[in-house]
Amino acid sequence: MNLDEPKVVDKLANVQAKPATTVEALRTALEQMGLNTKGYKPELKQRYRKALKKQKEAIESASAASTPSTPSLLSEEFTETKIKQPFDYYLFFDVEATCEADGGFTFPNEIIEFPVILVDGETFDIVDEFRSYVKPTINSTLSDFCIELTGISQETVDKSPIFVDVLNEFQEFMAKYNLFQEKSAVFVTDGPFDIRDFITKQLKHSKIKPRPAYFDVHWVNIRKLFREFYKQKENKNIALMLQHLDMKFQGREHSGLDDARNLAAIGKKMHEEGCVFKTNSWYDPKRHRLYDRKTSGRKRR
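Per an unreviewed UniProt entry, the protein is named SAP domain-containing protein, and its organism is Mucor plumbeus. Of the comments in the UniProt record for the protein, the one headed Subcellular location (unreviewed entry) reads "Cytoplasm".

(A) Layout of the nonpolar core. Of all hydrophobic cores here, the largest spans 57 residues; its most connected members are Phe 92, Phe 114, Phe 170 and Phe 277. Breaking this core down by element, the ones donating at least two residues are strand S1 (89-93), strand S3 (111-120), helix H6 (163-176), strand S5 (185-189), helix H7 (193-205), helix H8 (222-229), helix H9 (238-244) and helix H10 (256-272). Ignoring anything within four residues of it in the chain, the contact list for Phe 92 reads Pro 115, Val 116, Ile 117, Val 119, Phe 124, Val 188, Ile 222, Ala 260, Leu 263, Ala 264, Gly 267 and Phe 277. Residues Ala 29, Leu 30, Tyr 48 and Ala 51 belong to the second largest nonpolar core, which totals 8 residues.

(B) Structural view of H6. Taking 1.5 Å of rise per residue, the 14 residues of H6 would be expected to cover 20 Å, and the 20 Å separating its terminal C-alpha atoms lies within 8% of that figure. The set of residues buried in H6 consists of Phe 163, Val 166, Leu 167, Phe 170, Phe 173 and Met 174. Projected onto a plane normal to the axis of H6, the buried residues spread over an arc of 115° and lie on a single side. Looking at H6, the residues exposed on the side facing more than 90 degrees away from the buried face are Glu 172 and Lys 176. In this fold, the buried residues of H6 make contact with S1, S3, strand S4 (126-133), S5 and H7.

(C) How the structure looks around H10. The terminal C-alpha atoms of H10 lie 24 Å apart, and with 17 residues this matches the ideal 24 Å at 1.5 Å per residue to within 8%. Burial analysis of H10 places 12 of its 17 residues in the buried class, the great majority of the element. Those residues of H10 that fall on the buried side of the exposure criterion are Gly 256, Leu 257, Asp 258, Asp 259, Ala 260, Asn 262, Leu 263, Ala 264, Ile 266, Gly 267, Met 270 and His 271. Contact partners of the buried residues in H10: S1, strand S2 (96-97), S3, S4, H8 and H9.

(D) Spatial organisation of the side chain of Thr 189. Mapped onto the elements of the fold, Thr 189 is located in strand S5. Of the polar contacts made by the side chain of Thr 189, one reaches the backbone oxygen of Gly 191; its length is 2.5 Å. Ignoring anything within four residues of it in the chain, the contact list for Thr 189 reads Phe 93, Asp 194, Ile 195, Trp 219, Val 220, Asn 221, Ile 222 and Arg 223.

Rules used throughout
Residues numbered from 1 in each chain as written. Predicted model: local features only at pLDDT ≥ 70, side-chain atom pairs only at ≥ 80, totals over all residues. Heavy atoms only, no water. UniProt positions renumbered as here; feature names shortened; annotations may be inferred. Core = buried A, V, L, I, M, F, W, Y, C linked by side-chain atoms within 4.5 Å. Buried < 20%, exposed > 50% of the residue type's maximum accessible area, 1.4 Å probe, protein only. Helix = DSSP H or I, 4+ residues; strand = E, 2+ residues; numbered from the N terminus. Contact = heavy atoms within 4.5 Å. Expected span 1.5 Å × (residues − 1). Arc of directions from axis to C-beta. Polar contact = N/O pair within 3.5 Å; in protein donor to acceptor, adjacent residues only side chain to side chain.

Below is the structure:
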């Protein structure tokens, strides 16, 4: 395929001169590029950015033999208005818990991995990570199913601290960044299960009262946020959210730390595409009664 380089550059120059940040501008830019102009703003942005990337690659390929002094009109990334997020920090949170293949909702799940990815609310870059395995005390022996699912060995949990000690370590971690104090912060979870269900069960097992304030405030359910932002019909799990964004899972699925890292990557992409991370989930002891529903004792993936 022969590329008429000057025409391609001119088209991109026009696009660069007027950055497309509104729906109308995005559709106009896509029309000039001969692309589909239908869809909501997030879809239009994604289509527009992909087109810019392809055109950039085409120009670089076509001008490979040109002189080094020839400037590239796409040397700077497409810029758009930065979204102001409502919190200083976001804590991407994804626990792993004891489970059985045929366990129902009444199964007394105990947290065995407690990972948090701390993300800056302005850039959505990772600031720090916290991760501890946890020794279960109600039923200290992991099922074969649990070991295979999570990759966590019996030996690992046997030599790990109990939940109360892990929570104390986590509070010291949060204190370093003044989270929920001078700096506003909020948890981000893959569905409502981690805080509404697993934390609630674990607090009961560990006889921790009252419920820690940071687990008693509203948080962000990224599945719900993703569905609403991208106009999806149903909630998507981590794998399907990544697939929708043309991203791949990094690490081992059902590793709490790797799941949390991938959630943070999804969050960063959504932030870049204009999503505002507002709270949409909460725990209500009257509404969310435990042990009275016949649903899976595993996290819904």
